[in-house]
Amino acid sequence: MSALDHVAASEGMPSALAQSRAYTGHGGRPVRTEPRWVRITLTAIALAFLFLFIGLPLVTVFYEAFRRGWAAYVAALVEPDALASIRLTLIVAAISVTANLLFGLVAAWSIAKFEFPGKSLLITLIDLPFSVSPVVAGLVYVLLFGAQGLFAAELAAWDIKIIFALPGIVLATIFVTFPFVARELIPLMQEQGTSEEEAAISLGASGLSTFFRVTLPNVKWALLYGVLLCNARAMGEFGAVSVVSGHVRGLTNTMPLHIEILYNEYQFVASFAVASLLALLALVTLIAKTILEHRLAEGDR
């Protein structure tokens, strides 16, 4: 008899095993104690909320995009400014995700595997973009690198342009997306501890070999999950990019900015056509997220 069963017996209560069985049905499934109408009502409310705030907007986007037919849809996407915005979005996302992938690995490795002064501060700074408005982040870069910014003289001397150019867009996007990879890796690495790495090193493996053969395989699904979220956020970023881009058509407009311009010019079909690409990205991200979550759940078992 377990210690819990002894306590239950002394208090005149059912044993822990009996209580456990009372709360589980066939196959160990929990017994539903709520009335059937409560379960139906709560499920209906959740489904109605999802349809109203998620399903209906997505359906509307695709309906408006194809309202004038396939030819008009394709024409809106192959228009030069639209192609330029798509190309810029992909470039910015590729650079931002790569930078945050490297930063996330280094930060997670340092925080989970080592003790050092300022560790709590580093964790706090990683979470900073979650609490700071993207517009504020964009304004900070303008104050630093703009024509009247803190480093304006040095940048002008070297003929380097950051604001209203690709570097500024990349910097703003990196700022708003860099927590995603690190925040997926840190809890997993902390949970795994350092025992496997220490065992590998004791067997003669180098630090680099330990990382690629032990640490990285253990966190690969969490890493892919973080990269996926980071990429989706980078492609959909609007606030910070809007501040530093200058809205130069064909040059510094990403897809979200191009959608805004088209909509303000009453080019609804074109704007929804480009928006459908971002919506499609969201759907692909959702599917990939579900697959990765399944992989992560399998790895925990």
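Residues numbered from 1 in each chain as written. Predicted model: local features only at pLDDT ≥ 70, side-chain atom pairs only at ≥ 80, totals over all residues. Heavy atoms only, no water.

- An unreviewed UniProt entry lists the protein chain under the name Sulfate ABC transporter permease subunit CysW, with Xanthobacter dioxanivorans given as the organism.
- Checking UniProt for the protein chain, the heading Function (unreviewed entry) contains the comment "Part of the ABC transporter complex CysAWTP (TC 3.A.1.6.1) involved in sulfate/thiosulfate import. Probably responsible for the translocation of the substrate across the membrane." (UniProt positions renumbered as here; feature names shortened; annotations may be inferred.)

## A look at the overall build of the protein chain
Part 1: A count of helical and extended segments in the protein chain gives 15 helices and zero strands.
Part 2: Here the protein chain, with 301 residues, has 35% of them falling under the buried criterion.
Part 3: Put simply, 68% of the contacts in the protein chain that link residues at least 6 apart link residues at least 24 apart.
Part 4: For the protein chain, the accessible surface area stands at approximately 18000 Å², while carbon and sulfur atoms represent 69% of it. (Helix = DSSP H or I, 4+ residues; strand = E, 2+ residues; numbered from the N terminus. Buried < 20%, exposed > 50% of the residue type's maximum accessible area, 1.4 Å probe, protein only. Contact = heavy atoms within 4.5 Å. Areas by Shrake-Rupley, 256 points an atom, 1.4 Å probe, with all protein chains shown as cover.)

## A look at the packing of helix α11 (residues 195-202) against helix α12 (residues 207-236)
Part 1: In contact at an axis separation of 10 Å, α11 and α12 are set at 160° when each is read in the N-to-C sense. The orientation of α11 with respect to α12, classified from their angle, is roughly antiparallel. In the crossing of α11 with α12, the sense of the turn from one axis to the other is right-handed. Judged by residue contacts, Glu196, Glu197, Ala200 and Ile201 of α11 engage Thr210, Val214, Thr215 and Asn218 from α12.
Part 2: Looking at side-chain class alone, the contact of α11 with α12 contains three nonpolar, three polar and two charged residues. (Axes fitted to C-alpha atoms, helices over the stretch in contact; angles between N-to-C directions. Parallel < 35°, antiparallel > 145°, perpendicular 65-115°, else oblique. Left-handed = near helix turned anticlockwise from the far one by under 90°. Nonpolar A, V, L, I, M, F, W, Y, C, P; charged D, E, K, R; others polar.)

## Here we look at the packing of aromatic side chains
The geometry of an aromatic ring pair is captured by the separation of the ring centres together with the interplanar angle, meaning the angle of the planes.
Part 1: A full pass over the atoms with the stated rule returns 16 aromatic pairs.
Part 2: Judged by centre distance (5.4 Å) and plane angle (70°), the ring pair of Trp109 and Phe211 falls under edge-to-face. Pair noted here: Trp109 is in helix α5 (residues 80-113) and Phe211 is in helix α12, with a separation of 102 residues, a long-range link. One exposure class covers both Trp109 and Phe211, and it is buried.
Part 3: One aromatic cluster in this structure is built from Phe103, Tyr141, Phe145, Phe151, Phe175 and Phe178. (Phe/Tyr/Trp six-rings, centres within 6.5 Å; stacked < 30°, edge-to-face > 60°.)

## Points about the layout of surface pockets
Part 1: In this structure, the second largest pocket encloses a volume near 200 Å³.
Part 2: As for the second largest pocket, its lining consists of Val61, Ala232, Gly236, Ile259, Phe272, Ala275, Leu278, Ala279, Leu281 and Ala282.
Part 3: Among the secondary structure elements, those contributing two or more residues to the lining of the second largest pocket are α12 and α15 (268-300).
Part 4: Here the lining of the second largest pocket takes six residues from α15, the largest share from any one element. (1 Å grid on protein atoms, 1.4 Å probe; cavity = no way out; pocket = protein on both sides within 12 Å on 5 of 7 lines; lining within 4 Å. Points joined across faces, edges and corners; volume = space filled by probe spheres on them.)

## A few points about the side chain of Ser245
Part 1: With respect to the helices and strands, the residue Ser245 is situated in helix α13 (residues 239-245).
Part 2: Of the residues examined, Ser245 reaches a relative accessible area of 0% and is grouped as buried.
Part 3: Sequence-distant contacts of Ser245, that is, excluding residues within four places in its chain, are made with Phe164, Ile169, Thr252 and Leu257.

## Looking at the UniProt feature "transmembrane region" (unreviewed entry) in the protein chain
Part 1: Sites flagged by UniProt as "transmembrane region" (unreviewed entry) map to residues 42-66, 86-109, 121-142, 162-182 and 268-292.
Part 2: Annotated as residues 42-66, this span is 96% helix and 0% strand, and its ends, taken at the C-alpha atoms, are 35 Å apart.
Part 3: For residues 162-182, helix accounts for 76% and strand for 0%, while the C-alpha atoms at its two ends are 26 Å apart.

## Digging into empty space enclosed by the protein
Part 1: Scanning the model with the defined rule gives one cavity of 30 Å³ or more in all.
Part 2: Computed from the structure, the largest cavity encloses a volume of approximately 40 Å³.
Part 3: Broken down by secondary-structure element, the contributors of at least two residues to the lining of the largest cavity are α5 and α12.

## So, a nonpolar patch on the surface
Part 1: Taken together, the side chains of Leu47, Phe49, Leu50, Phe51, Leu52, Phe53, Ile54 and Leu56 make up a nonpolar region of the molecular surface, amounting to roughly 820 Å² of accessible area.
Part 2: On the secondary structure map, Leu56 appears in helix α3 (residues 36-65).
Part 3: Overall, the relative accessible area of 36% leaves Leu56 in the partly exposed class. (Patch = residues over 30% accessible without salt bridge, like charges linked within 9 Å, V, L, I, M, F, W, Y side chains within 5 Å. Salt bridge = Lys/Arg side-chain N within 4 Å of Asp/Glu carboxyl O.)

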